[in-house]
Amino acid sequence: MQNITKVISNFGMRRALFSTSIARFHKPNAKKQLQGTGAVPQRAGLANDRQVFLDWNARKTSVYNHFWLRDHCHCGECYHPVTRQRLVNTFGIPRDIQPTAVDSTEDGLSIIWPDGHKSMYRWDWLHTHSYSPILRTSEPLQSKKPKLWDAEFKLEPVAHEAVMNTEEGVKQWLDQLETYGISFVEGVPTTLEATEKLARRLCFLRETHYSQGMWSFTADLAHADTAYTQLALGAHTDNTYFTEPAGLQMFHKLEFKGEGGDSLFVDGFHVAQQLKALSPNAYRTLSNTHVPTHSAGDENVLIVPTPRANPILNHGTEGELYQIRYNNDDRSTLDHLSSTQLDEFYDALFMWNKLLTSKKNELWDPLTPGRVVTFDNWRVLHGRSAFTGHRRICGAYFPWDDYKSRARVSRLTPQDKDRLL
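What counts and how
- Residues numbered from 1 in each chain as written.
- Predicted model: local features only at pLDDT ≥ 70, side-chain atom pairs only at ≥ 80, totals over all residues.
- Heavy atoms only, no water.
- Helix = DSSP H or I, 4+ residues; strand = E, 2+ residues; numbered from the N terminus.
- Expected span 1.5 Å × (residues − 1).
- Buried < 20%, exposed > 50% of the residue type's maximum accessible area, 1.4 Å probe, protein only.
- Contact = heavy atoms within 4.5 Å.
- Pairing = 2+ DSSP bridges.
- Phe/Tyr/Trp six-rings, centres within 6.5 Å; stacked < 30°, edge-to-face > 60°.
- Lys NZ or Arg CZ within 6 Å of the ring centre and 35° of its normal.
- Axes fitted to C-alpha atoms, helices over the stretch in contact; angles between N-to-C directions.

J.: Whenever I open this one, helix α5 (residues 167–180) confuses me. Can you help?
T.: Because an α-helix packs 3.6 residues into every turn, residues spaced three or four apart end up facing the same way. Along its 14 residues, α5 runs 20 Å from first to last C-alpha, staying within 8% of the 20 Å computed at 1.5 Å per residue. Listed in full, the buried residues belonging to α5 are Gly169, Val170, Trp173, Leu174, Gln176, Leu177, Glu178 and Thr179. The positive-phi residue at the C-terminal boundary of α5 is Gly181, with phi of around 80°.

J.: Any chance you could explain the environment of Arg122 here in plain terms?
T.: Considering the arrangement of structural elements, one finds Arg122 in strand β6 (residues 118–122). Taking the C-alpha atoms as reference, Arg122 lies 9.2 Å from Val40; in sequence the two are 82 residues apart. Sequence-distant contacts of Arg122, that is, excluding residues within four places in its chain, are made with Asp107 and Gly108.

J.: Where do I start with the pairing of strand β5 (residues 108–112) in this structure?
T.: Regular strands place their side chains on alternate faces of the sheet. Of all five residues that make up β5, four are buried, and the element is covered over most of its length. Strand direction decides the pairing type here: strand β4 (residues 101–104) and β5, joined by four bridges, are antiparallel. Along β5, the bridge assignment pairs Val102 with Ile111. Where β4 folds back onto β5 in an antiparallel hairpin, the turn is made up of three residues. Strand direction decides the pairing type here: β5 and β6, joined by five bridges, are antiparallel. Its bridge partner lying in β6, Ile111 is registered against Ser119. Counting the residues that bridge the hairpin from β5 to β6 gives five residues, and of these Gly116 lies at a positive phi of roughly 90°.

J.: Before we go on, may I ask you to explain the packing of aromatic side chains in this structure?
T.: Both the distance between ring centres and the angle between the ring planes are used here to describe each pair of aromatic rings. Per the stated rule, a full pass over the model turns up 17 aromatic pairs. Seen from their ring centres, Tyr121 and Trp125 are 6.1 Å apart, and the 35° between their planes marks the pair as tilted. One exposure class covers both Tyr121 and Trp125, and it is buried. Site record: aromatic cluster; members linked through ring pairs are Tyr64, Trp68, Tyr121, Trp125 and Tyr131. Arg95 extends its terminal NZ or CZ atom over the ring of Phe67, reaching a point 4.7 Å from the ring centre. Above the face of the Phe256 ring, Lys253 is positioned so that its terminal group lies 4.7 Å from the ring centre.

J.: I tried to follow the sheet that holds strand β17 (residues 363–365) on my own but got confused; where do I start?
T.: Spatially, the four strands line up as an open sheet ordered β10-β19-β12-β17, and their pairing is antiparallel. Of all the strands in the sheet, just β10 (233–236) and β17 have a single pairing partner and so form its edges. The average undirected angle you get between the axes of adjacent strands in this sheet is 20°. Bridge analysis of strand β12 (residues 263–267) against strand β19 (residues 380–384) gives five bridges, and the strand direction is antiparallel. If you follow Phe265 over to β19, its bridge partner there is His382. Seen against the sheet, helix α7 (residues 268–278) touches β12 and β19 and runs at an angle of roughly 50° to β12.

Structure representation (C-alpha cells):
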C-alpha cells in the first residue's frame, strides 16, 4: 500500500496535466516499479475516476480514458485473434466505467473491470497508441518517407528472376516504389503473358474501360485517347477522371521498329516542392482550386469523378502532399471560377508547367524490350516523345489500396500488425 500511496503522492505534483482526486481512487494500483526503457513505463496507476496514467522513462506521462481502454480490449473475447476485428460491444459498455483493479506487469498493464472481465494491454501497444500526448514520431502504417529525384536520378534495376522467385526480390521492388515512386525490372521475357505474371506478383490488377486487366496496344486508336496515337505526350498522371485514380501503372515495350517513343518520367513531389519554394501562393492555388476532368472519347463512355472536380495537389489531414492529379488534356471546361480565381489558377498553372517541363526534372528512358517500369501514378508523372514506325506496349493499372497493402505486409511482421492496429 505504501507504493500505491507514493505513486499517488508523486503524481499529484503534476496536477497541471490532469485531475488527481485521491478520494475517488480504486484499490489496487501499480504494484511494481518497472525499469522504464522509453517504451516500458516506470510507473502506472489510476490518475482519477476517468483515467489511467503511465509514466514513461523519457519523462513523458500518458493518460488513457477508462472507457477507451475497455473499448480497446484485445482479449480473445473482445478482439478476434485471426481476423483482427473488434468483437466488443461498444454500446454495452457503461460510459462511466471504472476499473476495480489496475496492475503493472512485465508484459503490460492489467485491468480488471466491475463485471470481472480482465484486460491486458501490452506496453508497446500502449506507447504506440498514446493519444494524450501523442508519443509516436510517425504514422507507421503510412507510406515511407519519399526520396525526391530529378533528371540525374540513377536507380539500380531489380532482376526479373529475383522478383519471380523470391519474396526478397518483391520486397526490393516495393521498397523502391514506396521510396522513389518508380522501379525498373530487367530481364523480363517480351511477351504479354510473362509481363502479366510479373504484374500479378505485385497485387491484383485494376479493370477499367480500357481493359479487363492487362492491356496491349499499338498506335491504332483502338480507344479514342491520344495514348493510342504516335503523338508526343507531356508529363501527366493517368485517370484524373476516376474518383480514385489507379495507384500504380506498369509499362513494357514488347516491340519497336522505328524512331522516338522514349518514355518520360517526372517526380511530381519534387516539382511540387520547387513550386512551393518559388511561389507559396501558386502552390496554395493548385492545392485549393478544384479542376473538373472527364473521359468521353469512346462512344459508350462518359466518366467524371465524384466529386466532380479535384485539386491538382491533394493533401492529407496533416498537410502532407499525398496525390497529384494532373492531365491538362483531360481537363473539362472551367466554368465555376470567378475572373480573379481564373487569373490566379492560370498563373499558377503556368509556373507548374514551366517546372514540369524543365530539363532538370525530366528523366528519359528508352524502355528497351525486357525492361519493365512500374511507377506511382499518384506521384510520378509520365509521358513520351513522338515516334514513327511500329511500337507495341503492354501494361496494367493497380489499385492503390492493394498495392499499399502488399507493401506494408512486405515490411511488417504479424507482431507489428498486432502492435499497430
